[in-house]
Amino acid sequence: MAKFDFSKAVYACAAHRQHQWPPDRGVEVAFAGRSNVGKSSAINAIANHKQLARASKTPGRTQQIVFFDVDAEHRLVDLPGYGYANVPTQLRRHWQRFVTDYVTQRACLRGMVVPMDIRRPLTELDQTMLRCCWQTGVPTHILLTKADKLTRARANQALAEVRRTLTEQPHTTVQLFSAVKRHGVAQAREILCGLLSQRLLPQQPS
Ligand SMILES: Nc1nc2c(ncn2[C@@H]2O[C@H](COP(=O)(O)OP(=O)(O)OP(=O)(O)O)[C@@H](O)[C@H]2O)c(=O)[nH]1
Ligand SMILES: [Mg+2]
């Protein structure tokens with residue numbers, strides 16, 4: 001498995017529309033989760049950077065797909081948060097569609113990271129997102145974020161419950177995470193290295 005230095009990650013571009021995505025080459029791992037669960041904060045903690053991805057107290061802040069280069073061939077991607085109630089329905093649908101289009105159409109996508117607030121994991125929208133990942137067959141890693149909001153015992157209990165719910169699902173892993181306490185950062189980096197190291201199977205000669 002290759003090692004990646006996430007502290008070298010740099011902002012590459014932000015896309016409101018599909019034609020603005022970088023060319024579909026190399027390897028990407030994308031973060032998708034409910035609005036305000038801590039996607040951008042998780043990327044910042046993993047990259048050991050305060051402001052690489054913009055984190056904010058205002059939910060719905062990340063409203064475009066943001067691409068970060070880890071190196072010339074490997075990218076991390078911050079997808080717009082889903083489920084933010086305070087935007088017009090039409091705009092919300094547009095962003096949800098935008099996220100599903102990315103997950104289902106992006107050939108270089110090798111892994112999904114789905115952060116969920118540990119106090120409210122596996123909401124209906126999270127389950128829709130997970131089904132979308134499972135249908136496309138990309139390995140999926142769940143971060144139970146804001147673990148610092150619970151006692152260690154309650155956090156471990158939540159982790160066990162989510163694991164129990166997902167026992168049937170192949171290629172799905174889950175861990176505790178806190179961007180504030182930097183808990184689980186090393187484990188998340190390790191998982192990301194594994195996902196980014198995956199190669200496409202060589203094409204069979206026809
Ligand atoms: N206590 C605690 N707060 C956190 C943690 N991670 C993020 N937050 C807070 O949660 C809020 C949202 O964090 P973001 O990282 O902006 O969340 P996001 O999922 O990127 O949000 P959108 O892009 O708006 O969908 C901010 O106020 C963060 O400071 C954490 O591990 N612990
Ligand atoms: Mg964000």
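Preceding block: the structure.
Worth saying up front: this structure is predicted, and the values here are computed from it rather than measured.

Conventions and cut-offs
- Residues numbered from 1 in each chain as written.
- Chains lettered and ligands numbered in written order.
- Predicted model: local features only at pLDDT ≥ 70, side-chain atom pairs only at ≥ 80, totals over all residues.
- Heavy atoms only, no water.
- Phe/Tyr/Trp six-rings, centres within 6.5 Å; stacked < 30°, edge-to-face > 60°.
- Buried < 20%, exposed > 50% of the residue type's maximum accessible area, 1.4 Å probe, protein only.
- Helix = DSSP H or I, 4+ residues; strand = E, 2+ residues; numbered from the N terminus.
- Salt bridge = Lys/Arg side-chain N within 4 Å of Asp/Glu carboxyl O.
- Pairing = 2+ DSSP bridges.
- Right-handed = clockwise from strand over helix to strand, strands pointing away.

(A) Highlighting the packing of aromatic side chains. Evaluated as defined, the whole model comprises four aromatic pairs. Each ring, one from Phe4 and one from Phe6, has its centre 6.4 Å from the other, and the planes form 40°; the classification is tilted. Given the relative accessible area of 13%, Phe4 is considered buried. Pairing Tyr11 with Phe68 gives two aromatic rings, centres 6.4 Å apart and planes at 70°, and the pair type is edge-to-face. Here the residue Tyr11 occupies a position in strand S1 (residues 10-15), and Phe68 occupies one in strand S3 (residues 65-69), the gap between them amounting to 57 residues.

(B) Quick peek at the pattern of salt bridges. Using the criterion set out here, one finds eight salt bridges in the structure. Notably, a salt bridge pairs Lys8 with Asp5, separated by 3.2 Å at the nearest N-O pair. Judged by relative accessible area, which is 56%, Lys8 ranks as exposed. Among the ionic pairs, Arg75 bridges to Glu28, the shortest N-O distance being 2.5 Å. Of this pair, Arg75 sits in strand S4 (residues 74-78) while Glu28 sits in strand S2 (residues 27-31), and the two are 47 residues apart along the sequence. In this pair, the class of Arg75 matches that of Glu28, namely buried. The structure contains a network of salt bridges with shared partners spanning Asp24, Glu28, Arg75 and Arg106.

(C) Main features of the pairing of strand S5 (residues 109-117). By the criterion of burial, S5 is predominantly enclosed, with nine of the nine residues buried. Pairing analysis gives four bridges linking S2 to S5, with the strands arranged parallel. Its bridge partner lying in S5, Val29 is registered against Gly111. For the crossover that starts at S5, traverses helix H3 (residues 124-136) and ends in the parallel strand S6 (residues 140-145), the hand is right-handed.

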